[in-house]
Structures are given as structure tokens and as C-alpha cells.
Amino acid sequence: MAQINTAFQLPQSIRKDTLAYRQKLKVFLDGQTTATAFRACRVPRGIYEQRQAGEFMVRVRIPAGMVFPGQMKRLADLSRTYGNGVLHVTTRQDIQIHELKIEETPDVLESLLEVGLSPRGGGGNTVRNITACPRAGGCPDEAFDVRPYAIALSEYLLDFESSFNLPRKFKVAFSGCSQDCTLASVTDLGFFAHENDGSNGFAVYAGGGLGSNPRVGVKIEDFVEVDEVFQVAEAMKRVFDAHGDRANKHQARLRYVLDRVGEGEFVKLYKTQLEKLRQEQLQTPAIRQISSTSNGGASSTARPQPANGYEDWRKNNVLAEKEPGEFTVRLRLDLGDIPAEDLEAIGSLAQTTGEGFARTTQTQDLLLCRVREEDLPFVFERLGALKTEVVNTAGPKLVACAGASTCRLGLCRSRDLAKAISTELRKKDWPIQLSSEAIRISGCPNSCGQHYISAIGLQGRAKRVGGKLVPCYVVLNRGLAKEAQARLAEQVGVVPAKNVPALISAVLKLLVGRRKEQQSLESAVADAKEEIKKLTAGYSHIPSIDEQPEMYRDFGATVEFSLAGRGPGECGAGVMDVIRLDIDQAKEALNNAKASSDAKGKSNALYGSIVAAARALLITRGLEPSKDRQIFAAFSEHLIEPGWVAKETKELLDQALDYRLGDTDDIGHLEEPVGRMLVRVEELFRSLDANLNFRVEPVSKQSPKEKPPRDAEHVIDLRGVACPLNFVKAKLELEKIAVGQVLELLLDGGEPVANVPASFTEQGQELLEVSQCGECFRVKVRRVD
């Protein structure tokens, strides 16, 4: 039996759930349930579909970032046997196995169980991996070792089914000091270690997050004793469960509850739940201290003499710990990737050197801690023999999300950009001090690359030039994660992707020239913010596609950048970004028309506004026509004819096309109807739900043939009926009513409310409502066909 992590004990409920997964997959493969229903089953188990059809990823939880030699060997074996042979360390200390076949996932999950690992809660609306300082126990700045509390809270929360049926993901982080390497200040629930009158405890922050509409968390506790972490976490989880928006995925995170009710009411809701919990007798796991010993790796062999490059490596990648003579060795991974054989070799090294295991970090690296000073040359030699380069590394660390190359949410290819930046930076030698800094890159607004708290951050987005989409990045700076001082990064400008590497090199060159001794990158950026704005502006120009066609292709891509065919579940955040871009363009053109005193200029501006407004929402239907007449035709078919936009808008489009073809010389009189069209388009945009469906009523009444008058709602009680039978019964009931009528369902929480509405949406029915009603859920579905 492989050596397993005895610090973390998987709850029996997780073991039982994992063993049940094989049968759930069989039901799906036998065609007895839909792909949507099965997605709701597999995603909370950490099984994600990659962008490549038929390939999947398993995200394995690594509680507090501690991974043991036997676990590393098993992860390596599974990646070699079933995946692509390369493991990936995430920004939340998980480890991912990529390019799996869905049929093989039960074998992977059951094999992980044998070494005390599980991907349960690695995805979906669940309590995600609970993170801790990667140097906890050895960091000279920490108040105390936070790992025992992260581990114990993981064991507690994972044992409850309610932790897997939340409105959205719920992230928890433990930071040992105010420097906040775990980003506890910008997560759903963050604990900061402090000592108060001889007692260990935590200051607690909540409601933070780094996705779309990011925000810093608010303090909900000045100080709680260490054994109160269970009540605090459970209380905030219950607040989230009761008040999170389950109907709108885009506003379902805990921070939206905070925004909606305000800080005072938010804290009051938490305190009310906490007081109730203090009256209950919570069954909590024991808080066990982490025991480790400092092993001597070279004790049984001749200790090697330092080789070439040793001193530079030590300056860049070795950090002193609070115990004299012990050190942390950082293994800088390229974008978090590590070949399976190297992970296994590192496991063997960890078993005999340092504390006996390795650690994953929020910057996608690995650490070996408690390494004796006399063993550092031995470690250097062993690391130099790895297939991947972890020794000769300098310059800032590049942290990037998976990006559009594999992630179904990705907009831009962030990993390919990171590689291009790395290539550019290798052209110059950079000061050693930069090796401790990070440049963070996200391929879309979801911020998996954590760009909002970076001194220099990049966020993928699209920009339209001459009717063509261009891959671009928002440049941000001055982000900071620190207790009571956290600050979201500020936008500096937008630069086409192909100009980003040169811009980053220029910015770093500027900072190196001006940076004071021991000055942080964040502080240096603040001092040079005006110069950085000017530099960014200089790299922001986008030439026409005829001048530089490569600008219209993303890094790593051979075809023009496009969002055609993407929709819910693939690039929702990026889709919203492009819609907003078109609406803003339409508004600007309309304002230009209003301000113009020239008839021709006014008509041209109005025409441009009509085109941009008509194009904006077509992407929600998987369409991206390039010619104006195609845009108008698609808008008529998908938005005017179904009644979403007033029918008189069709005459507006006809007049605009006449102007474009030269049949009329002036459309200046259309200013008012163009404004009405734009108002309606923006109203529809603001109503979009997570499935890119409109949540407002059509403006045009259709004939009874198209949409019969609604009768009284039909109701079916499916409480107590499990998946997939509940959906079968609901579908049969829906078929009994006329098109346009509404079926009301009463469903249990958990898989029923997650699966049934999603299955109806997938089949093209109109989901009107999902709301909690006591202990069950009310779902309303209108029959479309």
C-alpha cells in the first residue's frame, strides 16, 4: 500500500459517494439520462469536460496543499495510464489529471481513494479545496501553523451533503500572517491567524471574490478562538445557502449577497446563524497538529559538492525557515505543469529529504520544506536531473489559467500568451529580486489566473475592429492581497494579444531602472503608474486585418479569432464582454449622430449604431455574421419575428439597408427609432440568464397559433422521486399541456433541482423560475414545442 496523507482523513461519505459514481456513469452511457443531467452529477465530483470533444479533466483536492510521496506516485501512474502524462498544479493548490476518457473516470476516482485522495467538490456548486499557506509551519512571519485548522475544516464540511448543493462555489482560505499568500482577503471566507493575550485565533473576512464583478471581503470577526472555525464556516455557509441566487449563475456567488443586502445586514445574517449554531452540538473532527521530521537526503551517500549554478539557484529558489538551519526549496513549474515521471521523482526526493512530503502553492509551484542546509547541494543535483526545468529559473513568475486552448469557459489562450511572454523575457537578464514576483493572466473575466490582485495582471477580452474580432488583454496593475489593505487592480488600458509580450518587457525594464532596493513590485508599479499608462497606450493600436492579419489570430492559433458557436457552458463571460462591446459601440455612434451637424455624418453614425445594435445579441444564438445584410437578416429572424424586439424595427433595418445600397441619401430622421431599438437591445442583454436566455417578456403579442393563451398552471409534485425518473415524469407531464402553457414542479434539493431544470433547458423549453419553497424547490417551465 502506498504511503498516504495521514494528516487528512477522507470522510466515509466521500468514499461511499465515489463508489456509487460507476453506476451513475453506466446509466448515462446506457442512454438512460441526458448529458446535461449527467454533467450535474460529474462536475461536483471534479470531472470537467475539456474543450476537445470526448476528453475530460479530473481536479484532485489537495487539502492545505500537502501531497505525500505515495499520492504523487499514484497521480503520476494515473496520468500515464489514462491521461496525457502531464499533471497540473492549480492556483488553489489542487492537482489536475488531463485528457481522460469518461469511461475511465471511475477507475481513476477509485484508485485515488486508495491513497486518501478525491476530486469530490473539485467543481460545481460546492465547498472547494480549502487552502493554506504553502510554507505553513516554517514561515518566519506566521502567527502559528494554520494547516491543522484547514485540514479539520475540510473533514468537517466534506461530510455534509449540503456542502455540495450550494448556490455556487464556496472557497475558504487560511493565512498564517497578514501578507496573505493564500488570498484570504479576496475569497468567500478567509481566516487570518493572530495571537491575542496568549491565545491563538483568527480574524475572519467574508464575501470576497475575483471573478466577474470582483470585490474585497469584509471583516466579520475581529478574533475567534481556533476551535470556533467550524461554527464560523458553517454559519456563513448557511447564509450563502439561504440567500444565494440559485436562478442566476452570473450573480450567485456569496459576494452578490453582500452587495445586495449591504455590509451591515450581511454581518447580521451571519451573526444570527452563528448564534443558532452555538446552541447546537456540532459534531466536529479533532484538530490534529501536523507532525513532520526533517530528513537528511544525503546521509547515506557522499554529499555532492555544489555544482555550477548552485549559488544563483539558492538565491532565487531557497528561503530560510523559522527553525535555524532549515529551508524551503521552491520548484518553479512552467505554468503549473509537471511530467508524471518528474512528479514521482519529486515524491521520492521528498520522502528522504525535508519533512517527508511536498506542497502545492497558489502560484502553481511545488515546495520542499524543512530541508537541512547541508542537503541543499544534494537537492539541487536531484532537481537538475528532472525532465522539466525547475532549477535555472529567473525573472517574474508567470501564473496563468488554462485558457481557451482547453477550458470551455476560456476566451483567449492565456497559456500561449504566457509562453510568448516567457520567450520575450528570456532575451534579457533580470534582477534576482524579480523571481519572487508574479504576473497573473486570465483568459476571461472569471479570474482563475487571479489577475485582480496582481501588481501586473492581464485579462483576456475581445475587441471588434472593422467587423472582425481581435484577441486582446485588459492590462491591470496595483492589485494587492493583504489583510485589511487588500486592493483590486486598476485597469490601465487594452492591448492586442500580440503586443502584450513586448509591453510586459518594456514595463519591467522601466521598473527595474527605477526600483529602489528592497522595494516590492507593487510599490514600484505605484510609483511609475503614469509612465505605465503611457507605455500601454503606445502598444494599444490595432491595425486593419489587411495590414497585419496576425493581430487577428491568438497565440497558438492558426485561424482568425472568433466566438462563433460558443454559448452557455463554454464562454459565457466572454460572450457578455463582446455583447457589451457592441452595445457601447452602438451608443457611441448614436451620440455622435446626435452631435453631428452634417447630414452625411449623421446618417453614417446612425447606420453604424444600427449595425452594432443588431449584431450585439446574435452571439447568444451562436451566430456571428460578418456582412451587414446577414446581420440584419439574422436579427429579424431571431429577435424580431419571435417578438423580442418590436416589429416596426424591421422597417428601420430596411431603411438602413436602403441607405447602405445607395437607394436613399439620408436617414437622419431615424434617430428616435434607433434609440428605441438600442434601449430594447440593452434591456434584453441585462435580462440574460446563465443559459443566455432572456428573462423578460416579448414586446410583441404573437397570434394564438404561434403562442396560445396561457391556461392555469399545471402542477406535479416530484418530491421523493430520484433522478432520472423525476425528469421522465416531468417530461411526460409537459407533453400533456399545450405549447405556451406552464408546468410547475416541486422538486427536492440536490441533484433533482440541479438536473431537471438543466435538462429542460437543454431540450429548448423555457425555464421561468427556480425558487426555494421551504425544504423543496418550485420550478416553472413553459412548453415551447
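Our structure is the block above this text.
What this report covers is the structure whose coordinates are included nearby. Keep in mind that what you see is a predicted model, and the values were worked out from it rather than measured. (Residues numbered from 1 in each chain as written. Predicted model: local features only at pLDDT ≥ 70, side-chain atom pairs only at ≥ 80, totals over all residues. Heavy atoms only, no water.)

A few words on the side chain of Ser111. With respect to the helices, strands and loops of the structure, Ser111 is situated in helix α4 (residues 105-113). Those residues within four positions of Ser111 in sequence are excluded, and the remaining contacts are Arg74 and Leu78. (Helix = DSSP H or I, 4+ residues; strand = E, 2+ residues; numbered from the N terminus. Contact = heavy atoms within 4.5 Å.)

The mixed open sheet is built from five strands, whose spatial order is β6-β7-β8-β9-β10. Lying at the two open borders of the sheet, with one neighbouring strand each, are β6 (131-132) and β10 (218-225). Alignment of β6 against strand β7 (residues 172-175), held across two bridges, turns out to be parallel. Across the sheet, the residue bridging to Thr131 is Ala173, located in β7. Sitting on the sheet, helix α8 (residues 263-279) is in contact with β9 (199-206) and β10, with an inclination near 30° to β10. (Pairing = 2+ DSSP bridges. Axes fitted to C-alpha atoms, helices over the stretch in contact; angles between N-to-C directions.)

This paragraph deals with unusual backbone geometry. Despite not being glycine, Gln93 shows a phi value in the positive range, around 70°. If you trace the backbone, Gln93 turns up in the loop between β4 (86-89) and β5 (95-100). Look at Gln93 and you get buried, because its relative accessible area is 0%. With phi around 65°, Gln364 is a residue other than glycine that occupies positive phi space. Within the element layout of this structure, Gln364 appears in the loop between β14 (358-360) and β15 (366-372). (Buried < 20%, exposed > 50% of the residue type's maximum accessible area, 1.4 Å probe, protein only.)

Here we come to the pattern of salt bridges. The final tally for this structure, using the stated rule, is 50 salt bridges. The partner of Asp17 in a salt bridge is Arg45, with the nearest N and O atoms 2.8 Å apart. Of this pair, Asp17 sits in helix α1 (residues 12-29) while Arg45 sits in the loop between α2 (35-42) and β1 (47-49), and the two are 28 residues apart along the sequence. Relative accessible area serves as the criterion here: at 15%, Asp17 is assigned to the buried category. Residue Arg45 is classed as buried on the basis of its relative accessible area, which comes to 3%. The residue Lys650 makes a salt bridge to Asp654 at a minimum N-O spacing of 3.1 Å. Placement of both Lys650 and Asp654 in helix α19 (residues 649-661) is noted, with a separation of four residues, approximately one turn of the helix. One network of salt bridges, with partners in common, ties together Arg580, Asp584, Lys587, Glu682 and Arg686. (Salt bridge = Lys/Arg side-chain N within 4 Å of Asp/Glu carboxyl O.)

Our next topic: the packing of helix α6 (residues 229-243) against α8. For the pair α6 and α8, the least separation of the axes is 8 Å and the interaxial angle reads 120°. When the axis of α6 is compared with that of α8, the two are oblique. Relative to α8, α6 is oriented so that their crossing is right-handed. Counting all contacts with α6, which are made through Gln231, Val232, Glu234, Ala235, Met236, Arg238, Val239 and His243, the residues of α8 involved are Phe266, Leu269, Tyr270, Gln273, Leu274 and Leu277. Counted by class, the contact of α6 with α8 contains nine nonpolar, three polar and two charged residues. (Parallel < 35°, antiparallel > 145°, perpendicular 65-115°, else oblique. Left-handed = near helix turned anticlockwise from the far one by under 90°. Nonpolar A, V, L, I, M, F, W, Y, C, P; charged D, E, K, R; others polar.)

These values are about where atoms sit, not about what they do.
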